[in-house]
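Residues per chain, in single letters:
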Amino acid sequence: MTRVPLAADPMPRSRFPVDTWRLVETQHDADDLGVTETLFSVANGYLGMRGNPEEGRDAYAHGTFINGFHETWPIHHAEAAFGFARTGQTIVNVPDAKLIKVYVDDEPLNLTVADLEHYERSLDFRDGVLRRSVLWRTPSGKRVRVETTRMISMTQRHLAVLTLEVTVLDGDAPIVISSQLLNRQDGKDEYHDPSRSMGEAIDPRKASGFDDRVLIPRLHSADEERMMLGYQCANSRMTLCVAADHQLLTPDPTETIVRQDEDLTKTVFRIEATAGNTIKLVKTVAYHSSRGVPVKELADRCERTLDRAAKHDVDHYLHEQREWFARFWKTTDIEIGAAEGTSQKDLDAVQQAIRFNLFSLAQAAGRADQHGVPAKGVTGSGYEGHYFWDSEIYVVPFLTYTMPDAARNLLHFRVRMLDSARYRAREMAQSGALFPWRTINGEEASAYYAAGTAQVHIDADIAYALVQYLNATGDRGFLIRDGIDILVETARMWADLGFWRTNGGDPEFHIHGVTGPDEYTTVVNNNLFTNVMARFNLEQAVAELTWIKENEPAAYDQVVARLAIDPHEVDEWLRCATGMHIPFDEGLGIHPQDDFFLDREVWDLSQTPGELRPLLLHYHPLVIYRFQVLKQADVVMAMFLQGDRFTPEQKRADFEYYDPITTGDSTLSAVVQSIVAAEVGYHEVAWDYFLDGLYVDLMNLHDNTVDGIHVASAGGVWASVVNGFAGMRDTDGRLTFDPRLPDAWSRIAFPLCWRGAHLRVTVTAAALEVHNESEERSVEIGVRGQEHLVPAGETMRVDLDGHGDRIGGSLGNAPLIGGKRADGTTITAGVPDPIPFRDHQDLD
């Protein structure tokens, strides 16, 4: 661990007061607009709107995004080679419907320069509504109350509802309200500032920009009842339409003016406002998109969405929204209690942060339906809106145990990508299917193959998530119709990718030329994570095929015919799994990350200045590759996902070796390190890593929250509590617990879905209780090696004798050196000496 441990409540509470069910801001600050725009985003998994002000300024990065709606562009390699990714894909900033500008006495409301007597903005986790209330003293001295709400519907996934209320408290005044649809991707408003757009810096985590026009106008219209814009992407040919209706409520005289062009439509209301009279504007917006349906058809869909919305008032949709979130929280909420010595304030702060992360998962996946979940959800353009392994390893587990229907949708998205994966495997001279490392449309979009395409472990990651879903739900129908195709085709890829090697003993199956989760070590032989996960993938393909054969013979015949399965290849999969080479160094007593990882010099992070972090932004990749240094957990991740394949002694030794050389430069790392630290006994380390994951966005710990929410880390927060502190595992279809309650908490309570039963799990220092809410299904649960039956409708209690080993203190960030490798050589450490930034000028 290299970062100074966080306090349990690190947030500036004078500005962001504690509220366990809301994120609240009481002071407007223009210095961190990008961060707060992300934090106050509203989304439903399909559509997302950043927390930009309705007035349009000031803003770090205006953003409205639709999951999967992207533009393509040719990737130009300075030195191209066969099989390199050819087509880049970048999420598009779709037309902005948030804009509702307000003028009083012809003076515009601009929060950055306005005289605000009161300001509060809140995002309510119970209904997903962004609310803002300001009391503005205008330059002419009038006091004006302006209140807004913004909601993207969870029940009507194409619908957004925005409201504005303006009240002049003292004196009459002319008020102008300008409601707009603006194509910010290509058009510009009067306040456009290129220096504030996303993606200006050289940072591989950010999105690329476009030089040419992206959205080609296909339709624009506006009248006093409805305004609309329609486009087609220049290269991807995807289509989009957005439309908006207005309802203005005021007793005062009003004039309406409508204007339109291909990148901007606006409806302007001029009101002669009387003191004390509230002007209310309701703006309902519909977005529809497609891979190729004509814009006119999408316009018809927008019309239908808005016509249906017009039949109900705002309260109707707010009620639907609250009901949706009530169901969400019933199956997801984590409740914690304060241990002696923990203040209620600190506990409430952590409770708020946990719920913020769970809420972020709802906004990323709730109505993604059969799309993937981008790394930043739909709250920003970071990572270009791509889907990675994040979805299967960090998001699907949360959904599987809380919202299994959503998990199934996400897995079905991968099924629909299978043909593209088969094509990519052929292109890479492999059998079976090879899923892209990063993509939107199914094609590989990673231009840097060493840290992209080489991460073939994504095949096993998808298989892992699929098997976990099948075990937790018992959904054999999905297995037979769709899931088995993924297991078979990924098993074929592994069997073809590896090769047999004999070195004086039994032959072993080796996998060379791959990259594991740690992107600071690339294109290696026998990456431990990859081999361990590939073994699991191969085993499960055999096991599930065998189950279908024995239990559904007719379906088995169909599967064999559909996939042209040869029984001999299934035997070979099992042989490959059994013979899989798993690196282990007898001299150090640890698992090397790969065959040659321990041959390298160790990077001494304790001697690396903080200003040189993250390493990927300050050192050439080849410099990093020469050292033992990790961007994120790799062996440690394998020990979490495949924990039954490691002994307790191996887990502790591996954790103690790798933790000091893991930079945590990836937000995916802290949550996994927390889980394994809790298991092996480093309870203080587990707590510190948990806080790092918990506040990664709320405190902008990686300085890139401006680009969107770190969705995978949010999923990891759930895992840190449930898998880490509550000690839940699901090995071989068995649900087990071995709790590690942190010192700061007296209890953890959370729901789980398991085999159709809804469980309520409570962990205290003294006991573990599981209440089975099902009226029909009994559930078997293991607690520290003992099996227990939880009958339908009853509660099972198991007394706990402590919470495992408790090793105090931190491992620090000084590497373990001086150890002897298996060949007798000694491990040493060093730090590369970068040229100071000021000296770069001398190289020109």
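These figures come from a predicted structure and were not determined experimentally.

1. Observations regarding the overall build of the protein chain
The secondary structure content of the protein chain amounts to 18 helices and 33 strands. Relative to the 2.2 N^0.38 estimate, which gives 28 Å for 844 residues, the radius of gyration of the protein chain is 28 Å and therefore close to what a compact globule would have. When the backbone C-alpha atoms are referred to their principal axes, the protein chain occupies close to 90 × 75 × 60 Å. As displayed, the protein chain offers around 31,100 Å² of accessible surface, 47% of which is attributable to carbon and sulfur atoms.

2. Some remarks on the side chain of Asp485
Of note, Asp485 is situated in helix H9 (residues 476–497). Engagement of the side chain of Asp485 in a polar contact is seen with the side chain of Arg562, the distance being 2.6 Å. The residues contacting Asp485, other than those within four sequence positions of it, are Leu418, Arg422, Arg562 and Leu563.

3. Observations concerning the sheet that holds strand S2 (residues 42–43)
The strand order across the open sheet built from 3 strands is S2-S3-S4, with neighbouring strands paired in antiparallel fashion. Each edge of the open sheet is held by one strand with a lone partner, namely S2 and strand S4 (64–66). Where S2 and strand S3 (residues 47–49) come together, 2 bridges link them in antiparallel fashion. Among the inter-strand pairings, Val42 is bridged to a residue of S3, identified as Met49.

4. Observations concerning the packing of aromatic side chains
Going through the model one piece at a time under the given rule, you end up with 32 aromatic pairs. For the pair Phe125 and Phe359, a centre-to-centre distance of 5.3 Å together with 35° between the ring planes defines the contact as tilted. One end of the pair, Phe125, is in the loop between strand S9 (115–124) and strand S10 (130–137); the other, Phe359, is in helix H4 (residues 344–365), and 234 residues separate them in sequence. For the pair Phe125 and Phe359, a shared accessibility class is recorded, and that class is buried. Three or more aromatic residues joined by ring pairs make a cluster, and in this case those are Trp21, Phe125, Trp324, Phe325, Phe328, Trp329, Phe356 and Phe359. When the ring centre of Phe40 is taken as reference, the NZ or CZ atom of Arg121 above it lies at 4.2 Å. Directly above the ring of Trp547 sits Arg476, whose terminal nitrogen or CZ lies 4.2 Å from the centroid.

5. A look at the packing of H4 against helix H18 (residues 711–725)
Between H4 and H18, the shortest axis-to-axis distance is 8 Å and the interhelical angle comes to 130°. When the axis of H4 is compared with that of H18, the two are oblique. As H4 packs across H18, the resulting crossing turns out to be left-handed. Between H4, through Asn357, Leu358, Ser360, Leu361 and Ala364, and H18, the contact on the second element is made entirely by Val711, Ala714, Gly715, Val717 and Trp718. Here the contact of H4 with H18 is built from residues that sort into 7 nonpolar, 3 polar and no charged.

Conventions adopted
Residues numbered from 1 in each chain as written. Predicted model: local features only at pLDDT ≥ 70, side-chain atom pairs only at ≥ 80, totals over all residues. Heavy atoms only, no water. Helix = DSSP H or I, 4+ residues; strand = E, 2+ residues; numbered from the N terminus. Rg over C-alpha atoms; globule rule 2.2 N^0.38 Å. Areas by Shrake-Rupley, 256 points an atom, 1.4 Å probe, with all protein chains shown as cover. Polar contact = N/O pair within 3.5 Å; in protein donor to acceptor, adjacent residues only side chain to side chain. Contact = heavy atoms within 4.5 Å. Pairing = 2+ DSSP bridges. Phe/Tyr/Trp six-rings, centres within 6.5 Å; stacked < 30°, edge-to-face > 60°. Buried < 20%, exposed > 50% of the residue type's maximum accessible area, 1.4 Å probe, protein only. Lys NZ or Arg CZ within 6 Å of the ring centre and 35° of its normal. Axes fitted to C-alpha atoms, helices over the stretch in contact; angles between N-to-C directions. Parallel < 35°, antiparallel > 145°, perpendicular 65-115°, else oblique. Left-handed = near helix turned anticlockwise from the far one by under 90°. Nonpolar A, V, L, I, M, F, W, Y, C, P; charged D, E, K, R; others polar.

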